[in-house]
Amino acid sequence: AIRTVKLETLFWGMKMYLIVSCILILLQVTFAGPFFVAGFLGQMNFGKCTQGLGFGNTHIWAGGTIAWMLSIILTRYTLSHKEKLSISAECFFLCSMGLGAVGLFYTLHRGAWVGMFLAMLVLAWVFSRSDYPLRSLFKGLAVMFIFVSVCRLVIHPDVYKMREKMSFLQNVATHRRDMLA
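One structure accompanies this document, and this report is about it. Keep in mind the model is a prediction, meaning the values are calculated, not measured.

### Details of a nonpolar patch on the surface
Next, step 1: A cluster of nonpolar side chains, namely Trp12, Met16, Val20, Phe55 and Trp61, defines an oily patch on the protein surface of about 440 Å² accessible area.
Next, step 2: Considering every element that reaches the nonpolar patch, the biggest residue donor is helix α1 (residues 7–31), with three residues.
Next, step 3: Within the secondary structure layout, Met16 lies in helix α1.

Take a look at the structure:
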């Protein structure tokens with residue numbers, strides 16, 4: 001059964017999942033109730049002011065899935081530098097990575113953020129030791145950062161405990177600055 005799977009079809013499915021899931025997450029954190037999609041077990045505490053769930057039944061499952069797919073798509077995009085991608089194929093890659101990063105951000109799953117950050121570090125280390133140019137990797141990371149920054153400035157959902165979740169990043173930065181001083 002595995003031999004009949006075409007990898008490009010699998011990558012296409014992952015990119016579509018990232019795009020559709022992110023749109024659903026943005027609708028969930030902005031408008032809540034009407035855009036709830038029950039996961040495998042259903043989510044009983046969904047309502048106003050919740051984190052984005054996408055197609056998962058919890059933000060943990062959604063964040064882990066998105067981080068996993070984002071790392072695979074980012075790797076595939078970096079490896080495709082030798083291929084001549086059409087403009088539409090490159091836009092599809094970049095939009096799926098950008099929207100996937102936004103979806104990951106609005107799940108507010110800090111463990112998935114850390115996992116994605118570590119995956120980016122490993123990718124940068126592996127590709128820096130090989131003959132692959134890092135231009136594609138940095139281009140993908142820049143697009144992800146720009147999409148998250150723009151959505152963070154434009155979309156202000158009233159997510160329960162969002163300040164507490166975001167203070168995690170400030171605490172890490174403050175602790176790191178104190179360690180370096």
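### A closer look at the state of the cysteines
By definition, a disulfide links the sulfur atoms of two cysteine residues through a covalent bond.
Next, step 1: In this structure the tally under the stated criterion is zero disulfides.
Next, step 2: Cysteine Cys22 remains unbridged, with the sulfur of Cys151 as its closest cysteine sulfur at 6.5 Å.
Next, step 3: Its relative accessible area of 0% is what places Cys22 among the buried residues.

### Let's talk about the pattern of salt bridges
Next, step 1: Tallying each qualifying case throughout the model produces three salt bridges.
Next, step 2: The partner of Glu83 in a salt bridge is Arg76, and the shortest N-O contact between them spans 3.1 Å.
Next, step 3: Accessibility expressed as a relative area gives 13% for Arg76, which makes it buried.
Next, step 4: Close ionic contact of Lys139 with Glu90 constitutes a salt bridge, the shortest N to O distance being 2.4 Å. One end of the pair, Lys139, is in helix α5 (residues 135–154); the other, Glu90, is in helix α3 (residues 87–107), and 49 residues separate them in sequence.

### Regarding α5
Next, step 1: With 20 residues, α5 should cover 28 Å at 1.5 Å per step; its first-to-last C-alpha distance of 28 Å lies within 8% of that length.
Next, step 2: Among the residues of α5, Ser136, Leu137, Gly140, Leu141, Val143, Met144, Val148 and Cys151 are the ones counted as buried. Along the axis of α5, the buried residues cluster in a sector spanning 155°; they form a single face. Relative to its buried face, α5 has exposed residues pointing more than 90 degrees away, namely Arg135, Phe145, Leu153 and Val154.
Next, step 3: On its buried face, α5 is in contact with α2 (59–79), α3 and α4 (110–129).

Parameters and conventions
Residues numbered from 1 in each chain as written. Predicted model: local features only at pLDDT ≥ 70, side-chain atom pairs only at ≥ 80, totals over all residues. Heavy atoms only, no water. Patch = residues over 30% accessible without salt bridge, like charges linked within 9 Å, V, L, I, M, F, W, Y side chains within 5 Å. Areas by Shrake-Rupley, 256 points an atom, 1.4 Å probe, with all protein chains shown as cover. Salt bridge = Lys/Arg side-chain N within 4 Å of Asp/Glu carboxyl O. Helix = DSSP H or I, 4+ residues; strand = E, 2+ residues; numbered from the N terminus. Disulfide = S-S within 2.5 Å. Buried < 20%, exposed > 50% of the residue type's maximum accessible area, 1.4 Å probe, protein only. Expected span 1.5 Å × (residues − 1). Arc of directions from axis to C-beta. Contact = heavy atoms within 4.5 Å.

That is the geometry; function is a separate question.
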